[in-house]
Amino acid sequence: MRQCMYSDALKILATYPNCLNRLYDHASCLASKCPEEFVNVCLRLNNKLDINRLLPSIMLLPNNCAINYLEDTIGIYTNKNISNQAVHHMLISLYANEYHLNHNDDRLMKYLEKFSIQAIHIRRLKQQHHQNIVDNGDLFNDYQLMNMDLTELSLLEHDNDTVNDCSTGNVMNKLKCLTNQHQEQDIQSLLPYDPGYVLRLCKEVDHLKGVLYILQLLDMHQEALQLAIELNNIPFAKEIAQSEFLDSNVRRQLWIQLAQHIISTDGSMQEAINLLRDCPLLKLEDILPYFHQFVTIDQFK
């Protein structure tokens, strides 16, 4: 190292795993002097390295090298069911920087969709069972429902016939047993990243799709719709109003809010008819008050 033979030093460090402490000691220098070789060595030793000790050095790497290493590390952690929020946040930050430089490079959105899927899946299961409760009677209360985790809901999903055949008391006992076996698990606890951090980052780099995605993930659908309306992005606004995360009453209210904006800015009959076609939940009487007083129902025929 003193003779600036960085490549040779890396070869020795890669050959002798018992020299890992030396690698940590000189990581910053190696990352800045020979970044690609440094990343290759780290990738080869990834199962043995402590990523937390390398993070300061990873920040010195060119973006592409750092992204390459962090993606591999997160892949290993995911397979081992290990979560390291700092690693995810660094990768998200790099993705955001790349998007800021080139809006066609949207690896950030791909990341969010990939690593939010478990949270989305559990929400869908909870909503399905909540709807079953509404349809079949109040067999168990909302507190018990919201404390079910993915495993519990999967058990219930495969055992629907048994649940339907049971008496209310038996169902309550089964649910109490299940909820006692698992810890409380909300949507945010299933995410490997802090949604507040990602939301702030997306705003900083003008990543509108990411902002709207996180707002919806946090159940802030009305705020997401209002933002899309303020930016006059009607296609995004319609996607939000059609979200499958929402029950029919909430979707209808969002569509009415969107209709009010569209009619007040456009005011054409064709736009109103398109809204009615796009959302079967909307009725003519829902949007008629937003037209001027001389508009009649006959004009929609």
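If you look the protein chain up in an unreviewed UniProt entry, it shows as CCR4-NOT transcription complex subunit 10 from Schistosoma curassoni. Turning to the protein chain, the UniProt record has this under Subcellular location (unreviewed entry): "Late endosome membrane".

So, about the packing of aromatic side chains. Enumeration over the complete set of coordinates arrives at three aromatic pairs. Judged by centre distance (6.2 Å) and plane angle (55 degrees), the rings of Y95 and Y111 are tilted. Of this pair, Y95 sits in helix 6 (residues 85-101) while Y111 sits in helix 7 (residues 107-115), and the two are 16 residues apart along the sequence. The interplanar angle of 35 degrees and the centroid separation of 4.7 Å between the aromatic rings of Y111 and F115 together place this pair among those described as tilted. Placement of the pair is Y111 and F115 together in helix 7, with a separation of four residues, close to one helical turn. A residue is classified by how much of its surface remains accessible, and Y111, at 4% relative accessible area, is buried. The exposure class assigned to F115 is buried, which follows from its relative accessible area of 16%. An aromatic cluster is present here, built from Y95, Y111, F115 and Y193 joined pairwise through their rings.

Before going further, it helps to spend a moment on helix 3 (residues 35-44). Turning to helix 3, its buried residues are P35, F38, V39, V41 and C42. Burial along helix 3 is one-sided: seen end-on, the buried residues are contained in an arc of 160 degrees. More than 90 degrees from the buried face of helix 3, the exposed residues found are E36 and R44. Buried positions along helix 3 lie against helix 1 (6-15), helix 2 (20-33), helix 4 (51-58) and helix 5 (63-79).

Bringing the environment of E37 into the picture now. For E37, the position within the fold is in helix 3. Overall, E37 belongs to the partly exposed group, its relative accessible area being 34%. E37 sits 28 residues away from C65 along the chain, and the two C-alpha atoms are 9.8 Å apart.

As enumerated under the stated definition, the model contains three salt bridges in all. A salt bridge links K238 to D278; the shortest N-O distance between them is 3.0 Å. Highlighted residues: K238 in helix 16 (residues 234-241) and D278 in helix 18 (residues 269-278), separated in sequence by 40 residues. On the basis of relative accessible area, D278 is assigned to the partly exposed category, the value being 32%.

Turning our attention to unusual backbone geometry. Residues other than glycine seldom take positive phi values, yet D219 does so here, at roughly 65 degrees. For D219, the location among the structural elements is in the loop between helix 14 (208-217) and helix 15 (221-230). In the Ramachandran plot, N232 falls in the positive-phi region, its phi being about 55 degrees despite a non-glycine side chain. Position of N232 among the secondary structure elements: in the loop between helix 15 and helix 16. Given a relative accessible area of 54%, N232 falls into the exposed group.

Moving on, we come to the environment of D105. Counting through the fold element by element, D105 comes out in the loop between helix 6 and helix 7. Taking the relative accessible area as the measure of exposure, D105 reaches 17% and is therefore buried. Considering only alpha carbons, one finds D105 and Y95, 10 residues apart in sequence, at a separation of 8.3 Å. Once you skip the residues sitting within four places of it in the chain, D105 turns out to touch E98 and Y99. Engagement of the side chain of D105 in a polar contact is seen with the side chain of R107, the distance being 2.9 Å.

In this section: helix 16. Every buried residue of helix 16 is listed here: I234, A237, I240 and A241. Buried residues of helix 16, viewed axially, fall in a sector of 115 degrees; they line one side. Away from its buried face by more than 90 degrees, helix 16 exposes P235 and E239. Measuring from the backbone nitrogen of F236 back to the side-chain oxygen at the start of helix 16 gives 3.2 Å, which picks out N233 as the cap.

With that out of the way, let us pick up the confidence of the model for the protein chain. Within the protein chain, residue pLDDT values average 77, and 72% of them lie at 70 or more. Scored below 50 in pLDDT, residues 142-169 shows 55 contacts in the model against residues more than four places distant or in partner chains. This stretch, residues 171-185, has a pLDDT under 50; its non-local contacts, to residues over four places away or in other chains, come to 31 contacts.

Cut-off values and rules
- Residues numbered from 1 in each chain as written.
- Predicted model: local features only at pLDDT ≥ 70, side-chain atom pairs only at ≥ 80, totals over all residues.
- Heavy atoms only, no water.
- UniProt positions renumbered as here; feature names shortened; annotations may be inferred.
- Phe/Tyr/Trp six-rings, centres within 6.5 Å; stacked < 30°, edge-to-face > 60°.
- Helix = DSSP H or I, 4+ residues; strand = E, 2+ residues; numbered from the N terminus.
- Buried < 20%, exposed > 50% of the residue type's maximum accessible area, 1.4 Å probe, protein only.
- Arc of directions from axis to C-beta.
- Contact = heavy atoms within 4.5 Å.
- Salt bridge = Lys/Arg side-chain N within 4 Å of Asp/Glu carboxyl O.
- Polar contact = N/O pair within 3.5 Å; in protein donor to acceptor, adjacent residues only side chain to side chain.
- pLDDT = per-residue confidence, 0-100.

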